[in-house]
Amino acid sequence: MPRKKSPRRTPAWMGRLTALAIALGVIATLSYGTGAHMAVRYLNPSFGAWWNSNEFAIVECAAAAVGMLIGIRIGARLVNSGAPRNRSMIAAVIVCALVLPIVGRVSAEIARLRFTSGASANAWLIDRFGYDVGMFLDKLLVAGVYSIKIAAFALPVGMVLFGLAIAIFMTAKPVGDTAAAISE
């Protein structure tokens, strides 16, 4: 049987924006987890100082951006393609950019909540690799999990913002219809 529906493709600009947010998040998380700002400071002291003071905020905002962009992409896949879907994606991305610092901060506060007690991963890493390497891997693991938790908490925000945008664009009358209604 031939397939009747064509796959709902995400626009290329949305893919590039998501890839950029993921790349920035991975770089900032690895830099924070490994303490790479020391090497950057050695190579370029002024940029290294700026990077050191802002890398944690970059981790939070990049992870929140990834979560919201993935939420928008999931929401867009639930809607048949067309002009309202494309306009809603653009509107949702703009609103996400405006609320990114707030969502990043709130998601970071939620991500700091501990869901388990104890340090079993820390102890296992130290037992397995020794104290120095184990502590390094534990810090890297904590930074990675923190970024993933922020993205997971920001994902529903992206879906909600896309849902609001699609609701607005689907219920609004086209501009031509409004002008025709006014002239009558």
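What this report covers is the structure whose coordinates are included nearby. (Residues numbered from 1 in each chain as written. Predicted model: local features only at pLDDT ≥ 70, side-chain atom pairs only at ≥ 80, totals over all residues. Heavy atoms only, no water.)

Attention now goes to helix H3 (residues 45-77). Helix length check: H3, at 33 residues, gives a terminal C-alpha distance of 45 Å against a target of 48 Å (1.5 Å per residue), a fit within 8%. The largest bend in H3 is about 50°, located at Asn54. (Helix = DSSP H or I, 4+ residues; strand = E, 2+ residues; numbered from the N terminus. Expected span 1.5 Å × (residues − 1). Bend = angle between axes of the 7 residues up to and from the residue.)

With respect to the helices and strands, Ile58 occurs in helix H3. For Ile58, the contacting residues outside a window of four places in its chain are Leu24, Ala28, Trp50 and Trp51. (Contact = heavy atoms within 4.5 Å.)

Further remarks concern the environment of Ala92. As for its placement among the helices and strands, Ala92 is situated in helix H4 (residues 83-111). Residue Ala92 is classed as buried on the basis of its relative accessible area of 1%. Between the alpha carbons of Ala92 and Gly163 there is a distance of 8.6 Å; along the sequence they are 71 residues apart. Each residue touching Ala92, except ones within four places of it in the same chain, is listed here: Ile72, Leu161, Phe162 and Ala165. (Buried < 20%, exposed > 50% of the residue type's maximum accessible area, 1.4 Å probe, protein only.)

The next subject is a nonpolar patch on the surface. A cluster of nonpolar residues, Trp13, Leu17, Leu20, Ile90, Ile94 and Leu98, forms a patch on the protein surface that exposes about 580 Å² of accessible area. Breaking the nonpolar patch down by element, the ones donating at least two residues are helix H1 (12-34) and H4. Note that Ile90 resides in helix H4. Taking the relative accessible area as the measure of exposure, Ile90 reaches 43% and is therefore partly exposed. (Patch = residues over 30% accessible without salt bridge, like charges linked within 9 Å, V, L, I, M, F, W, Y side chains within 5 Å. Areas by Shrake-Rupley, 256 points an atom, 1.4 Å probe, with all protein chains shown as cover. Salt bridge = Lys/Arg side-chain N within 4 Å of Asp/Glu carboxyl O.)

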